[in-house]
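# Results of the structural survey
One-letter residues, chain by chain:
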Amino acid sequence: MRRRLSGDDDANGLGNNSATVGNADATERVERSGGMMVMKEGGSRGVARAHERKTSKEAGREQGSGEKAAMWAQTLDSSAGKSGLDGGANGREVTETIAERHSSQRGKMRGPWACSLLTLATTACSIILLATIVRSYLTLQMDPKGCAMSYMRPAFAPFSDFDTEHTRFASKYSLYLYREGGVDEDTRVKGIPVLFIPGNAGSYKQVRPIAAEAANYFQNELRIDEAAVGNGKRPLDFFTVDFNEELSAFHGQTLLDQAEYLNEAIAFILALYHNPHRSLREPGLPDPKSVIILGHSMGGVVARTMLRMPNYQQHTINTIITLSAPHARAPISFDAEMVATYNDINNFWRQSYSAVNPRNNPLADVTLVSVAGGGLDTMIPSEYSSLTSLVPDTHGFTVFTSAIPRVWTGMDHLAIMWCDQFRKALVRAIFDVADVRRPSQTLAQSQRIEALRKRLLTGMESVVEKATLEHEPVTFLTLEHSSTSIMSHGERLTLRSIGASGKTKAHLMPIPAQPFADGGKFTLLTDHALNASASNGTLTTLLCSVFPPSSGSTGLTFAIGMQINSFHNAGSTRLACKNAAADISFLPASTNESVNAFDDAQPFSYLQYDLEDLHEYQFVAIVEQATEPVQGWLLAEFSSGKDSAIKISKGHHQLLLNGLRRKLPATRPMMTELKIPEVHSTLFAYKLHVDRQVCGSKEDELFAPLLRQYIQEPYESKYFVNTKGGNINVHGISPYMPPPLSGKGASEGLSLQLWTDPTCDSTVKVTLSVDIVGSAGKLVMRYRTVFASFPLLVVAIVLRKQFKVYDATGVFISFSHSMDQCIRTSLPAIVTALTFLAVALSKATQGPWAQKWLGRSTTETVDFTVNDFMLGTSDPFFWFLVPLFGLISIGICIAANYTVLTLTHLFALTHGLLRSWTTTRSPPEDARSKPASSFVPSTTYQRMITTGILLLMILTIVPYQFAYVILCLVQITTSTKALRAALDDRSDASANFYNYTHSILVLMLWILPINMPVLVVWIHNLAVHWLTPFSTPHNLLSVLPYILLVEMLSTGAMMPRLTARARHLTNLSLFAFALYAAVYGVSHAYRLHHLANALCAWLFAVHLCHNSSGGGGDPVALVRRLAGQYLPRRAGSSSRPGAGSGGGGGEHGGRDVKKRP
């Protein structure tokens, strides 16, 4: 039997159901035309006569629906032919059986609780995957916490005279000066100004630990250090700002308001130092011209924004230190103004440092340092703190707290403000760059960046200059052969006891010649401090070159200070030396009792030089100055590059399948470095095992193995003491991160430095394997926004299926049934296509055509938007994330759908009970006059008033996000009333309308999280200072289509069927919405609200066309009708649509035709 549906057959496998629904729909139309009388005759001729009674007008309006009726008639012919001998009774039974079967199938399609075994299995799989990811995030690959508590005695002095004459935000924000009780209680300014900027929901009181440490450090150490005072060190005047704990991470305009206020605060602060009544500055010192900025979290972003504001005064800011600040990209992309502000600020900084002529760089004198907390920071991904895409290494860098000497621990988003070890290092870094003798109150820019690197980096980074090599020789060493030990080439120096000889002794290690020096290093490790002065201490390390003695130079012997011997003695040798103490790197102590790197123990001293940097020297001299035996040890050696550095070229696939295994020989150097360039992704976590054999020598082991894990740019290091292994995870290449400003590769990969006692004569086995379950938790911080965008992809596809079936058959299937059908057909195909698209885009992003069409950067040589779409990575290895997120999103949507169903059913049950209670208490005559069950909308007058008030509020005082929340509540009410009507009426029209309102509600609820952050900011401002105006665009068009559609649905009007070409527009709109949610939904989530808004505008237009054209449902009909009113000799007409009709347009009323006179 050949058939043709009125609409296109569903390409996703719903053809059989569509045919069934079409037959049942035809049955209903036959019954409305008197078909029940025909069926009683039991013959096909009755059905034919019923079909013939349809007017030509009705047949034209229903088009393909009549063909469905004909197909239904043929089915009845066949049934009647088989039972023709049995008479009319058997024919009636067959007809009723078929009708009951189709009615049952129709009810199943409309049933909101429909759930197949496949749907249950999909949901179970997604829940298991999601639970695994969350468990991994909360419990696995966790760094140890090592912060010590800090204490202070705070006092805050407000500046009440910083009022509306200075800033328009005086009634909203406040400025304070910090003073430490018992140390400095005078509220007059006297030192170097430092301004603290709190972050998102941060308090001005968070400055207490750092400001207290600065006051105590100056009082107890610098004040009594004449050299420090002579170098311009003075106390720090810490100013702090009270933003009333504003949520600056959620709202771009709030960030701009804070930046504007702070620029005006800086002008006020600098003016204080000119006022003799409020300043205690020493006479002769220049007045400050700039302020040091310290920003926490979003406060660091506000600090960079200040230099972009129109009210910024040039050169008032030259040093910015930020703590856990998301510089690279916005934490969330739910606010359009926040994304635009980030793009504008970052482009300003990039273009400034990309200027060919430094004179055209407004940031030439600005130094920016970003400090990140590492894996313990669960507020923002620490890689967002990276400056590699914003600032060249000559003007700034990013360092992790676990790499800072004597800190050596990660810390969470708030602990970075009070961690005792870190605040000590930070305060000393600020004092290192401070110089009250200059108007800028700081050193020159090149000196500033050098001082900050020296204080905050490990000293082993390539950008850290070796200070010793730049200085002139200041120590002249005269040695007598009897008190000097000259070692042979390649010999290792091992001291197991310091001062055992009872006198000062020098050990000279000849530096190898250049041919041996390719990649070679000199390394020294000791558990003693290396002395910066030659006059006292235990150990001193010198870089020496031969200096022939000259007559008359006896005055230089005082500089030796070691009393080894006089160079006048026969057989003596004179060397010109530089003290290497300035180049010491501190390493955490590693003994058999050590547990964590941050343990309270005396650190190791470590020296490392590349041999090519020592070409001007002939000897390295290690001088034992102790005259009595001292417990301790020292190891020093020269090693070749091929022995100390091992490069391992293994990709993701090899590491995932086989891991990495490396056996280090017993003759290895003291320091061995394993370089693994392919390990650089933040999405992978690893397990490291270090298996060391028992020490083969008779001597005890000098120290336990010490491991350093590090990457370059950003500078992240982690230390594992007394190591047997540990968790390895890096903050290198991360999704959605912009490429480096330099244009080169984003990371050199992971390096593992292993220090072991080479005198043990034992092998060490190093094993590295991928921690698959531990890696799952890394997805949470990097792909949080995915779970706001990918579910919208699923919802759009499900809605697309519902509208296709409805336009073809007249049945608006339930969200659950549509989800089940999409899981079988549409969703797997779309997820598969998106997977191939992700792989293709990841490979194509390196090509110029992809950067031209997909990127938005047109002027820069480096496209900083290249990672803004899909998975945010150019590595095709992560293709599996698309189906993973797709499966989880499907499960989330299913769970959310049934949650909404449960709530609406509870509301409907409550509504029914309340109505029954009010009905029983009403008089009998009133009860009889009320309908038993119906969808009762509010009156037109009430709707006009409420809608008008809402529109007026949007245009004046409230953000459109507030109106959106109100619309969601209204839609919940509409869906509840529709469900109550469907339960009472048990009609197809009521079921169609409920499924329609429920699906729109699900869509709106998934859009709701995108609007919540700005709404929360508005509510917070209202609660704190309700008179303060809230800066937000009152864009009525951003929510008007939502209002119109929700208002239309609240009247009980059902979406009309589209049988013309216009139905393809609905299909394409939903498909485009789903595609955008997948491709750009993460980086530009705020646009999903506007795309859904456009979809609502289209649906409202369809509703409006239906009402205006008398039920046709074609958008073109409205245009024709409006145009027809202005054509001559055309009859006016009016029609009344059938509200709530599920049959595709309702019944037409009569027409009143008026002739023109």
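Residues numbered from 1 in each chain as written. Predicted model: local features only at pLDDT ≥ 70, side-chain atom pairs only at ≥ 80, totals over all residues. Heavy atoms only, no water.

### Observations concerning the overall build of the protein chain
- Each helix and strand counted, the protein chain has 32 helices and 28 strands in total.
- With 1157 residues in all, the protein chain has 56% of them scored as buried.
- A fraction of 81% describes how many contacts in the protein chain between residues 6 or more apart in sequence connect residues 24 or more apart.
- Carbon together with sulfur atoms contributes 56% to the accessible area of the protein chain, which is approximately 48,900 Å² in total. (Helix = DSSP H or I, 4+ residues; strand = E, 2+ residues; numbered from the N terminus. Buried < 20%, exposed > 50% of the residue type's maximum accessible area, 1.4 Å probe, protein only. Contact = heavy atoms within 4.5 Å. Areas by Shrake-Rupley, 256 points an atom, 1.4 Å probe, with all protein chains shown as cover.)

### Here's the deal with the UniProt feature "transmembrane region" (unreviewed entry) in the protein chain
- Feature annotation in UniProt assigns "transmembrane region" (unreviewed entry) to the following positions: residues 113–138, 781–799, 877–900, 949–972, 993–1019, 1039–1056 and 1068–1086.
- A distance of 30 Å separates the end C-alpha atoms of residues 781–799, which is 84% helix and 0% strand.
- Note that residues 1039–1056 is 61% helix and 0% strand, and that its end C-alpha atoms are spaced 23 Å apart. (UniProt positions renumbered as here; feature names shortened; annotations may be inferred.)

### Considerations on the confidence of the model for the protein chain
- Across the protein chain, the average pLDDT comes to 82, with 78% of residues at or above 70.
- Confidence drops under pLDDT 50 across residues 549–571; counting only partners more than four residues distant or on other chains, this segment forms 41 contacts.
- In the model, residues 1125–1157 has pLDDT below 50 throughout and makes 46 contacts with residues more than four positions away in sequence or in other chains. (pLDDT = per-residue confidence, 0-100.)

### Focus: the pattern of salt bridges
- Taken as a whole, this structure holds 27 salt bridges when the rule is applied.
- Across the pair Asp 143 and Lys 718 runs a salt bridge, and its minimum N-O distance is 3.3 Å. Of this pair, Asp 143 sits in the loop between helix H7 (117–139) and strand S1 (154–158) while Lys 718 is found in strand S25 (residues 716–720), placing the two residues 575 residues apart along the sequence. One exposure class covers both Asp 143 and Lys 718, and it is buried.
- Asp 344 is the salt-bridge partner of Arg 308, the closest N and O atoms lying 3.1 Å from each other. With Arg 308 in the loop between helix H11 (298–306) and strand S6 (317–323) and Asp 344 in helix H12 (residues 336–353), this residue pair connects regions lying 36 residues apart in the sequence.
- Arg 308 sits in the partly exposed class, given a relative accessible area of 38%.
- Here the salt bridges do not stand alone but share partners, grouping Glu 213, Glu 221, Asp 420, Arg 423, Lys 424 and Arg 428 into one network. (Salt bridge = Lys/Arg side-chain N within 4 Å of Asp/Glu carboxyl O.)

### What about the sheet that holds strand S26 (residues 725–729)?
- Read from one edge of the open sheet, four strands run S21-S28-S23-S26, paired in antiparallel fashion. For this open sheet the edge positions go to strand S21 (660–664) and S26, each flanked by a neighbour on one side alone. Between one strand axis and the next, the sheet turns through 20° on average, direction left out of account.
- The sheet contact formed by strand S23 (residues 685–692) and S26 spans five bridges and is antiparallel. Paired with Tyr 686 across the bridge in S26 is Ile 728. (Pairing = 2+ DSSP bridges. Axes fitted to C-alpha atoms, helices over the stretch in contact; angles between N-to-C directions.)

### What to know about the nonpolar core
- In this structure, Tyr 783, Leu 792, Leu 793, Met 819, Leu 881, Tyr 996 and Leu 1099 are the most contacted members of the largest nonpolar core, which totals 123 residues.
- Excluding residues that lie within four positions of it along the chain, Leu 793 makes contacts with Ile 830, Leu 834, Ala 1074, Ala 1077 and Ala 1078.
- If you look at the next biggest cluster of nonpolar residues, it comprises 53 residues, including Leu 175, Tyr 261, Val 301 and Val 302. (Core = buried A, V, L, I, M, F, W, Y, C linked by side-chain atoms within 4.5 Å.)

### Examining the pairing of strand S19 (residues 630–639)
- Of all 10 residues in S19, eight are buried; the element is thus mostly enclosed.
- Pairing of strand S11 (residues 493–498) with S19, which is carried by five bridges, proceeds in the antiparallel orientation. The partner of Ile 498 across the bridge, within S19, is Val 630.

### Observations regarding the state of the cysteines
- Taken as a whole and judged by the stated rule, the model has three disulfides.
- Note that Cys 147 is cross-linked by a disulfide to Cys 419, the S-S spacing being 2.4 Å. Here the S-S torsion is close to -100°, and the disulfide linking Cys 147 with Cys 419 is therefore left-handed. With Cys 147 in the loop between H7 and S1 and Cys 419 in the loop between strand S8 (396–400) and helix H13 (420–433), this pair connects stretches of sequence that are 272 residues apart.
- Judged by its relative accessible area of 23%, Cys 147 falls in the partly exposed class.
- The exposure class assigned to Cys 419 is buried, which follows from its relative accessible area of 0%. (Disulfide = S-S within 2.5 Å.)

### Some remarks on the packing of aromatic side chains
- Taken as a whole, this structure holds 42 aromatic pairs when the rule is applied.
- Between Phe 522 and Phe 638 the ring centres are 5.0 Å apart and the planes differ by 45°, which places this aromatic pair in the tilted class. Of this pair, Phe 522 sits in strand S13 (residues 521–526) while Phe 638 sits in strand S19, and the two are 116 residues apart along the sequence.
- The buried category is assigned to Phe 522, whose relative accessible area is 0%.
- Taking relative accessible area as the criterion, Phe 638 reaches 10% and is therefore assigned buried. (Phe/Tyr/Trp six-rings, centres within 6.5 Å; stacked < 30°, edge-to-face > 60°.)

### Side note on the sheet that holds strand S17 (residues 604–610)
- An order of S11-S19-S13-S17-S16 is seen for the five strands of this open sheet, with the pairing classed as antiparallel. The sheet is open, and its two borders are formed by S11 and strand S16 (585–587), each paired with just one other strand. Each strand of the sheet is rotated relative to its neighbour by a mean of 20°, with strand direction disregarded.
- Bridge count for S13 against S19 is six bridges, and the pairing is antiparallel. Counterpart to Thr 526 in the pairing with S19 is Leu 634.

### A closer look at a nonpolar patch on the surface
- Among the surface-exposed residues, Leu 656, Leu 657, Ile 772 and Val 773 lie close enough to one another that they form a single nonpolar patch of about 390 Å² accessible area.
- If you list the elements that add at least two residues to the nonpolar patch, you get helix H17 (652–658) and helix H18 (772–776).
- Since its relative accessible area comes to 58%, Ile 772 is described here as exposed. (Patch = residues over 30% accessible without salt bridge, like charges linked within 9 Å, V, L, I, M, F, W, Y side chains within 5 Å.)

### Considering unusual backbone geometry
- Of note, the bond from Glu 713 into Pro 714 is cis; its omega dihedral lies within 30 degrees of zero at 0°.
- Tracing the backbone through its elements, the reader meets Pro 714 in the loop between strand S24 (706–711) and S25.
- Despite not being glycine, Ser 297 has its phi angle at roughly 55°, a positive value.

### As for H13
- Its 14 residues place the ends of H13 21 Å apart at the C-alpha level, agreeing with the 20 Å of an ideal helix rising 1.5 Å per residue.
- Burial in H13 covers these residues: Asp 420, Gln 421, Phe 422, Arg 423, Ala 425, Leu 426, Val 427, Arg 428, Ala 429, Ile 430, Phe 431 and Val 433.
- Against the buried residues of H13 lie helix H8 (208–220), strand S4 (236–242), strand S5 (291–296), S6, strand S7 (367–372) and helix H14 (445–456). (Expected span 1.5 Å × (residues − 1).)

### So, the side chain of Glu 716
- Within the secondary structure, Glu 716 sits in strand S25.
- Buried charged residue Glu 716 carries no salt bridge. Nearest counter-charge: Lys 718, at 4.1 Å. (Lys, Arg positive; Asp, Glu negative; His and termini not counted.)

### Here's the deal with the side chain of Thr 523
- Within the element layout of this structure, Thr 523 appears in strand S13.
- We classify Thr 523 as buried; its relative accessible area is 1%.
- Thr 523 has contacts with Tyr 606, Leu 607, Gln 608, Leu 635, Ala 636, Glu 637 and Met 670, leaving out every residue within four places of it along the chain.

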